[in-house]
Amino acid sequence: MLNFGRTRALVRELTRHEIDLVLASGAHDGVFGRALRRSGYRGRIVSFEPFGGVRAGVRRAAARDAAWQVLPYALGDRDGAWTRRLDQVWEDVVAPGERVLLQVDHAPELPEVLAGAGEFGPDLALVRSGAAFA
């Protein structure tokens, strides 16, 4: 169950830090992105989800939202069949000047995702990990 009070607090933080792009690693069925939208976040979202069944759910959630993109891989510390390094896709997903929040759903994966950010790590304005709204 989502805690919309916490979601609204997060959206206030995004506004305070002038975040205009959320990178959601481990997007699952899009619950994080939907909660952000319901709580007033209007910036861009790029969701990363490698698994077809749950990716279909996040794609449905993003289908009518021109500012929400879904990519078919996870973020990690190396490029592979189902993973990409953030520094290898950064220029494809982040526009110049955008302020970025990186949300990594599974906290144990955070070090790998940050390692994959490489030279762009310092460009992440905010980083969150763990279940989006546990």
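Here the structure is shown first, and the text comes after it.
Throughout, residues of each chain are indexed from 1 in the direction in which the sequence is written. Predicted model: local features are reported for residues with pLDDT of at least 70 only, side-chain atom pairs are reported and counted for 80 or more only, and whole-chain, interface and lining totals are derived from all residues. In computing side-chain properties, one takes all heavy atoms of the structure into account and sets aside hydrogens as well as water.

S.K.: Explain the pairing of strand β1 (residues 21–25) residue by residue, including any values.
M.R.: Under the scheme applied here, a residue whose accessible area is under 20% of the maximum for its type counts as buried, over 50% as exposed, and between as partly exposed, the area being computed with a 1.4 Å probe on protein chains only. Helical segments are the DSSP runs of H or I of at least four residues, strand segments are the runs of E of at least two, and each set is numbered from the N terminus. Of all 5 residues that make up β1, 5 are buried, and the element is covered over most of its length. Because side chains alternate across β1, one face comprises the buried residues Leu21, Leu23 and Ser25, and the other comprises Val22 and Ala24, equally buried. A pair of strands counts as paired when DSSP detects no fewer than two bridges linking them. Two strands pair when backbone bridges link them, and β1 and strand β2 (residues 44–48) are joined in this way by 5 bridges, in the parallel orientation. Bridging across to β2, Leu23 finds its partner in Val46. Here β1 pairs with strand β6 (residues 100–104) via 5 bridges, running parallel.

S.K.: For the pattern of salt bridges, give the residues involved together with the corresponding values.
M.R.: Put simply, a salt bridge is a Lys or Arg side-chain nitrogen that is within 4 Å of an Asp or Glu carboxyl oxygen. In the structure shown here, the tally under the stated rule is 5 salt bridges. Among the ionic pairs, Arg37 bridges to Asp65, the shortest N-O distance being 2.6 Å. Taken together, the residues Arg37 in helix α2 (residues 31–38) and Asp65 in the loop between α3 (52–62) and β3 (68–71) connect sequence positions 28 residues apart. Grouping residues by exposure puts Arg37 and Asp65 together as buried. Of the charged contacts, one joins Asp87 and Arg85 as a salt bridge, the two residues approaching to 2.7 Å between their closest N and O atoms. What makes Asp87 buried here is its relative accessible area of 19%.

S.K.: Would you mind going over the packing of aromatic side chains in detail, with residue names and values included?
M.R.: Only centres within 6.5 Å qualify two rings of Phe, Tyr or Trp (six-membered ring in Trp) as a pair; their planes then separate them into stacked at under 30 degrees, edge-to-face at over 60, and tilted for everything else. All told, the structure shown has 2 aromatic pairs when counted by the stated rule. An angle of 10° between the planes, with centres 4.9 Å apart, marks the rings of Trp90 and Phe120 as stacked. On the criterion of sequence distance, the pair formed by Trp90 in helix α4 (residues 86–93) and Phe120 in the loop between α5 (110–117) and β7 (124–129) is long-range, its members being 30 residues apart. Owing to a relative accessible area of 6%, Trp90 belongs among the buried residues under this scheme. Should the NZ of a Lys or the CZ of an Arg lie within 6 Å of a ring centre and within 35 degrees of the ring normal, that charge is described as sitting over the ring. Of note, Arg84 hangs over the ring of Tyr73, and the distance from its end group to the ring centre comes to 5.0 Å.

S.K.: Run through a negative patch on the surface, naming residues and quoting values.
M.R.: A cluster of like negative charges, contributed by Glu91, Asp92, Glu119 and Asp123, occupies part of the molecular surface. Relative to the elements of secondary structure, Asp92 occurs in helix α4. Note that patches include only residues with greater than 30% relative accessible area and no salt bridge, and the join distances are 9 Å for like charges and 5 Å for nonpolar side chains (Val, Leu, Ile, Met, Phe, Trp, Tyr). The accessible surface values rely on the Shrake-Rupley method and a 1.4 Å probe; as for residues, cover is taken only from the protein chains in view. For the purpose of charge, His is not counted, nor are the chain termini; Lys and Arg are scored as positive and Asp and Glu as negative. In plain terms, the charge of a residue is placed at NZ if it is Lys, CZ if Arg, CG if Asp and CD if Glu.

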